[in-house]
Amino acid sequence: MDILRFVFCLSVFTVFYGAIEVSAQESAPTDTDAAAELVERAENTVSILQPLLDLERSLEDQIAAIDDTTGPDQDETSATELERLRSELQDVQEQISVVLTGVSERVYLSEEDARFDLNAEVQNLIEPFVLVLNEATRDARELERARRGLDVASRRLADAELAIENIEAVLTQTTADSITERLNANLLVWQERLTIHQTQVDALAQRIADLQSTRLTVGRNVNSAFQVFFRDRGISLIMGIGAFLGLLVLCRFVLFVANRAISRREKEKTFSMRLAGVLFGVFSIFASFGAMLAVFNMRNDWLLLGLAMLLFVAGLWIAIRMLPSLIEQLWVLLNLGAVQERERVLFHGVPFRVEKLSFFTDLVNPTLDGGEFTLPVRELVGMHSRPAAQDEAWFPSEKGDWVRLSDGNAGKVIAQTPEMVVVQLLGGARTTYQTGDYLAANPENLSHGYRVEIEFGIGYRHQEHSVDEILHTMKEGVSAHFTTLLNADELRRVDVEFLRAGASSLDYEVEIDVAGSSAHRFEELERELARCLVSLANRHGWEIPFQQVVLHQAPRPQSQKV
């Protein structure tokens, strides 16, 4: 909300400030002011025109004099001078035309033959930016050139000193006139070079010292740059960005209000509504960018205008390169792709409902804490959704449920989010699962009811009564025992069935169905069921057999008998 308020205030300031400037610049003059301005312009025209006419006449005389002197056979110097004078004459005549009529003759005649030149237009856009960079780095570049020149001059000075030293050494060792004459001639040449290079070194050293002494400190340079920026372009930049954000927020607000109004009348968006929303979203971006360009143009800030146009061209080029991906995203926005609104989609292995398809899509899982994601539409490309089945669960458990996992852990779910699930085990210990690992552990939810079952065997000597009397007694005994342990609404069913005639026992399967309200007692009930069956066996004299192993000894050979 604070950001929206800031954008709104900035937009209001931009519109208000722009309106004041436009009204101040475009206020219509009165008839009296117009007449006075026309008289003043005429007087200025008379005062300016005479010097221009004199200059025109002088240039024409110079051209005629060169033509009369050289004739048809002109050398290169005369031709160059003549071309220069004719160019200056054209410029003077153009200025005379502008002073007389206020209209450029050259521009007037060139309007019909105007051709669009992409290279020239790009150069015109980049030129202000290059000029600013050139001006900002002028001192540094000049200092670097002076340092390079000083290095070259120093090396040449050292070479000249070495050459003079060698020549003077040879002169002391020779008496031949021819050699002495040649050495003296070379000595004069290198002495002259030494003087030139020494002068260059001194001049460049002085130039470097002057440049370094006139340069500001780094902090003052930065402060000066910021002051120049905010004085010349800061207001324009703030107004341009304010216009862009203000119009964009306004368009988004209009789209939000329209969607709210439509959702009250219709539950589902039609294809035409979605297409209109996409087109309006694209229009809002272009309109906001156009508002920023209009502000820069109104402020006559050609540098920011050129930079904005370059950004627009770069963005358009990137959009063209990303066209296949953009088409897929558009298909999803129109609810025609593999992911559709109100359907079920897997995101990081967890099911979510596609609540709303838009440039930023909402995914919701109602059973998870913080189970809401807002994704850009490009993240949905490559996913697949399907309609949810009737009463299909969005997660195998809810916060507060008791679960039993395939890794042997069992406990109460105290937190479950899209990233992790925390299970509090019996005794108070807590274990944390990543949500994907929790689902892979096949959680068995005990909070909606569960079954406690056990296999119990008795000896074969009770075979005569095993399928009727013992079966009935065992069922009544288990029911009576658990009726005292559980409430009436917690014990749902007790069942005892003859399972098999085993190798050493007659086996029964005893099952108890319990309501989810007693899920926290599942281990206690398993132990109580085993204790109850052993008590019944003791009370009724049922033999509980154990696994027996019979060893058979092989007979001894005759030779080993005593």
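The rules we used
Residues numbered from 1 in each chain as written. Predicted model: local features only at pLDDT ≥ 70, side-chain atom pairs only at ≥ 80, totals over all residues. Heavy atoms only, no water. Helix = DSSP H or I, 4+ residues; strand = E, 2+ residues; numbered from the N terminus. Buried < 20%, exposed > 50% of the residue type's maximum accessible area, 1.4 Å probe, protein only. Areas by Shrake-Rupley, 256 points an atom, 1.4 Å probe, with all protein chains shown as cover. Salt bridge = Lys/Arg side-chain N within 4 Å of Asp/Glu carboxyl O. Pairing = 2+ DSSP bridges. Core = buried A, V, L, I, M, F, W, Y, C linked by side-chain atoms within 4.5 Å. Contact = heavy atoms within 4.5 Å. Axes fitted to C-alpha atoms, helices over the stretch in contact; angles between N-to-C directions. Patch = residues over 30% accessible without salt bridge, like charges linked within 9 Å, V, L, I, M, F, W, Y side chains within 5 Å. pLDDT = per-residue confidence, 0-100. Lys, Arg positive; Asp, Glu negative; His and termini not counted. Expected span 1.5 Å × (residues − 1). Arc of directions from axis to C-beta. Parallel < 35°, antiparallel > 145°, perpendicular 65-115°, else oblique. Left-handed = near helix turned anticlockwise from the far one by under 90°. Nonpolar A, V, L, I, M, F, W, Y, C, P; charged D, E, K, R; others polar. Phe/Tyr/Trp six-rings, centres within 6.5 Å; stacked < 30°, edge-to-face > 60°. Lys NZ or Arg CZ within 6 Å of the ring centre and 35° of its normal.

> Describe the overall build of the chain, listing the residues and the values that go with them.
Along the chain, the regular secondary structure elements total 14 helices and 13 strands. Looking at the chain residue by residue over its 562 residues, the buried ones come to 29%. Element-wise, carbon and sulfur atoms account for 57% of the exposed surface of the chain, whose accessible area totals about 37,300 Å².

> So what's going on with the pattern of salt bridges? Which residues, and what values?
Taken as a whole, this structure holds 20 salt bridges when the rule is applied. When the shortest N-O distance is used, the salt bridge between R461 and E543 registers 3.1 Å. Here the residue R461 occupies a position in the loop between β11 (450–458) and α13 (469–485), and E543 occupies one in the segment after α14 (522–540), the gap between them amounting to 82 residues. Note on E543: relative accessible area 36%, which makes it partly exposed.

> Break down the sheet that holds strand β3 (residues 360–364) for me, citing the residues and quoting the values.
The strand order across the open sheet formed by five strands is β4-β3-β2-β1-β5, and the pairing between neighbours is antiparallel. Every other strand in the sheet has two partners, leaving β4 (372–376) and β5 (385–386) as the edge strands with one partner each.

> I'd like a description of the nonpolar core, backed by residues and values.
One finds Y450, M474, V478, F482 and L529 to be the most contacted residues of the largest nonpolar core, which totals 30 residues. Where this core is concerned, the elements lending two or more residues are β11, α13, β12 (491–501), β13 (506–514) and α14. The contacts of F482, once residues within four sequence positions are left out, are L491, I512, L525, E528 and L529. L334, L357, V377 and A441 belong to the second largest nonpolar core, which has 26 residues in total.

> Any details on unusual backbone geometry? Residues and values, ideally.
You will see that D391, though not glycine, has its phi angle at about 60°, which is positive. In this structure, D391 sits in the loop between β5 and β6 (402–404). Assessed through its relative accessible area of 76%, D391 is described here as exposed. Despite not being glycine, N442 has its phi angle at roughly 50°, a positive value.

> How would you sum up the sheet that holds β11? Please name residues and give values.
Taken in spatial order, the three strands make up an open sheet running β11-β13-β12, and their pairing is antiparallel. Strands with a single pairing partner mark the edges of an open sheet, and in this sheet they are β11 and β12. Mean inter-strand twist for the sheet, computed between neighbouring axes without regard to direction, equals 15°. As defined by bridge partners, β12 adjoins β13 across nine bridges and the pair is classed as antiparallel. Looking at the pairing, L491 lines up with V514 of β13. Seen against the sheet, α13 touches β11, β12 and β13 and runs at an angle of roughly 150° to β12. Contacting β11 and β13, α14 runs over the sheet at an angle of about 25° to β11.

> Give me the lowdown on a nonpolar patch on the surface, citing residues and values where you can.
Judged by side-chain polarity, L316, W317, I318, I320, M322, L323, L326 and I327 come together as a nonpolar surface patch covering roughly 760 Å² of accessible area. Listing elements by their share of the nonpolar patch, those giving two or more residues are α10 (302–321) and α11 (323–333). For the nonpolar patch, the element with the highest residue contribution is α10, accounting for four residues. Position of I318 among the secondary structure elements: in helix α10.

> Residue-level account of the confidence of the model for the chain, with values.
Predicted confidence across the chain gives a mean pLDDT of 78, with 76% of residues reaching 70 or more. In this model residues 1–29 is a low-confidence stretch, pLDDT under 50, and it forms 21 contacts with partners more than four residues away in sequence or in other chains.

> Describe the side chain of E343, with residues and values.
For E343, the location among the structural elements is in the loop between α11 and β1 (344–347). It turns out E343 is buried and unbridged, and the closest side chain with the opposite charge, R386, is 8.6 Å from it. The contact partners of E343, leaving out residues within four places of it in the chain, are F352, R353, V354, S385, R386 and P387.

> Can you explain the environment of P376? Please cite residues and give values.
As for its placement among the helices and strands, P376 is situated in strand β4. The exposure class assigned to P376 is buried, which follows from its relative accessible area of 16%. Contact partners of P376, with chain neighbours within four places excluded, come to F359 and F360.

> With reference to specific residues and values, describe α13.
A rise of 1.5 Å per residue sets the reference length of α13, with its 17 residues, at 24 Å; its end C-alpha atoms lie 25 Å apart and thus fit the reference within 8%. By the burial criterion, the buried members of α13 are I470, L471, T473, M474, G477, V478 and F482. Angular distribution of buried residues about the axis of α13 spans 165°; they occupy a single face of the element. Within α13, the exposed residues directed more than 90 degrees away from the buried face are T483 and T484. The inward-facing, buried residues of α13 abut β11, β12, β13 and α14.

> Talk me through the packing of α13 against α14; I want residue IDs and the actual numbers.
Running from amino to carboxyl end, α13 crosses α14 at an angle of 135°, the nearest separation of the two axes being 10 Å. Between α13 and α14, the interaxial angle falls into the category oblique. For the pair α13 and α14, the sense of crossing is right-handed. Side by side, α13 and α14 meet where T473, M474, G477, V478, H481, F482 and L485 of the first sit next to L525, E528, L529, R531, C532, L533, L536 and H540 of the second.

> Would you mind going over the environment of L346 in detail, with residue names and values included?
Positionally, L346 belongs in strand β1. Apart from the residues within four sequence positions on either side, L346 is in contact with P351 and M383.

> How would you summarise α10 if you had to cite specific residues and measurements?
An ideal rise of 1.5 Å per residue puts 28 Å on 20 residues; α10 measures up with 28 Å between its terminal C-alpha atoms. By the burial criterion, the buried members of α10 are L303, L304, L305, G306 and A308.

> Can you lay out the packing of α10 against α11 for me, pointing to particular residues and giving the numbers?
Following both chains from N to C, one finds α10 and α11 inclined at 75°, their axes separated by 5 Å at the closest point. When the axis of α10 is compared with that of α11, the two are roughly perpendicular. Contacts between α10 and α11 involve A319, I320 and R321 from the first element and L323, P324 and L326 from the second. Tallied by class, the residues present in the contact of α10 with α11 amount to five nonpolar, no polar and one charged.

> Can you tell me about the packing of aromatic side chains, naming the residues and giving the values?
Under the counting rule described, the total for this entry stands at nine aromatic pairs. Centre to centre, the rings of F280 and F283 are 6.2 Å apart; their planes meet at 45°, and the pair counts as tilted. With F280 and F283 both in helix α9 (residues 271–298), this residue pair falls three residues apart, about one helical turn. Here F280 falls in the partly exposed class, since its relative accessible area comes to 26%. The interplanar angle of 10° and the centroid separation of 5.9 Å between the aromatic rings of F395 and Y438 together place this pair among those described as stacked. With F395 in the loop between β5 and β6 and Y438 in helix α12 (residues 435–440), the pair connects residues that are 43 residues apart, well separated along the chain. For Y438, a relative accessible area of 0% gives the class buried. Aromatic ring contacts, followed pair by pair, group F286, F289 and F312 into a single cluster. Between R193 and the ring centre of W190, over which it is positioned, the NZ or CZ distance is 4.5 Å. Sitting over the face of the ring of W394, R344 holds its NZ or CZ atom 4.7 Å from the ring centroid.

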